[in-house]
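Architecture and fold: a report
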Amino acid sequence: MMRAIAAAAVVPAVLLLSGCATVDAPFRAHLESASPQVRECAEWYRRLDGRVAAAGTPDAQDARVPGFPYLRVSRLLAALRPAASNEYALQALADRMLELDLEARRYEIMNLPPEQIPELRDANDPGPVVTTGLRFALQRTQACGRLLREIDLAKPESRAALLRGAEVADDYRLPQRIVGFYWFTRFAFAAAARREEEETLAAFRRAPVLPEGASLVRYAPEPEGPLPRPQA
């Protein structure tokens, strides 16, 4: 009997440890941080992700970044990574990724079962439990995201990991493409696309035919030099 109880106690511990082992850096360091504020923020994200996963309400519009649960990346931002070659550009990139995550979190929290939202609220807030739960969860998420972002952007290794991980995998599935005869139809499709492109370019190259008495007006910006960086 005692052996069965001991085994039952060991299994959750093993699962917990294996779960911690699979957490990507630098988020793992936040979970183990000596700072209570940082540790609590990391636990908040882990708790929120657990609720969303259990409820099956993850938002799939933008991709998560391994090791950075407070950031999400779109295909556009992933393509802009090479331009984040200095501190200001990287800060701007991270700010936008933080906004994408907060937007996704809003939908994920709103889609949680109503009985789970009150558990996320501030117990001292006297308002309606669902409304205050949503408001508190979003405020908490925004504050914790900003805190973890500032910590990570201050470390060269974290900045490098962010740029490496901020990518969006394609949605193609090779077996489905083969079964769907993509390998055969792509040639005809590519030829039609090239023909359409050539016809469009030819239309733009042709000189316009104006009615009698009409004049052609071309609009363009005032001829000026390049804008100074602060103005741009």
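Notes on the structure follow. (Residues numbered from 1 in each chain as written. Predicted model: local features only at pLDDT ≥ 70, side-chain atom pairs only at ≥ 80, totals over all residues. Heavy atoms only, no water.)

Take the pattern of salt bridges next. Tallied over the full model, the rule gives 10 salt bridges. For E108, the salt bridge goes to R72, with nearest N and O atoms at 3.0 Å. Separated by 36 residues along the polypeptide, E108 in helix α5 (residues 87–110) and R72 in strand β2 (residues 68–73) bring together distant segments of the chain. Accessibility assignment for this pair places E108 and R72 in one class, buried. Notably, a salt bridge pairs R96 with E99, separated by 2.9 Å at the nearest N-O pair. You can see R96 and its partner E99 sitting in helix α5, three residues apart, about one turn around the helix. (Salt bridge = Lys/Arg side-chain N within 4 Å of Asp/Glu carboxyl O. Helix = DSSP H or I, 4+ residues; strand = E, 2+ residues; numbered from the N terminus. Buried < 20%, exposed > 50% of the residue type's maximum accessible area, 1.4 Å probe, protein only.)

A few words on the pairing of β2. Where burial is concerned, most of β2 is hidden: six out of the six residues are buried. As judged from the three bridges shared by strand β1 (residues 63–65) and β2, these two strands associate in the antiparallel manner. Opposite V65, over in β2, you have F68 as the bridge partner. Taking the residues between adjacent antiparallel strands as the criterion, β1 and β2 are bridged by two residues, where G67 takes a positive phi near 85°. (Pairing = 2+ DSSP bridges.)

What is shown is where atoms sit, not what they do.
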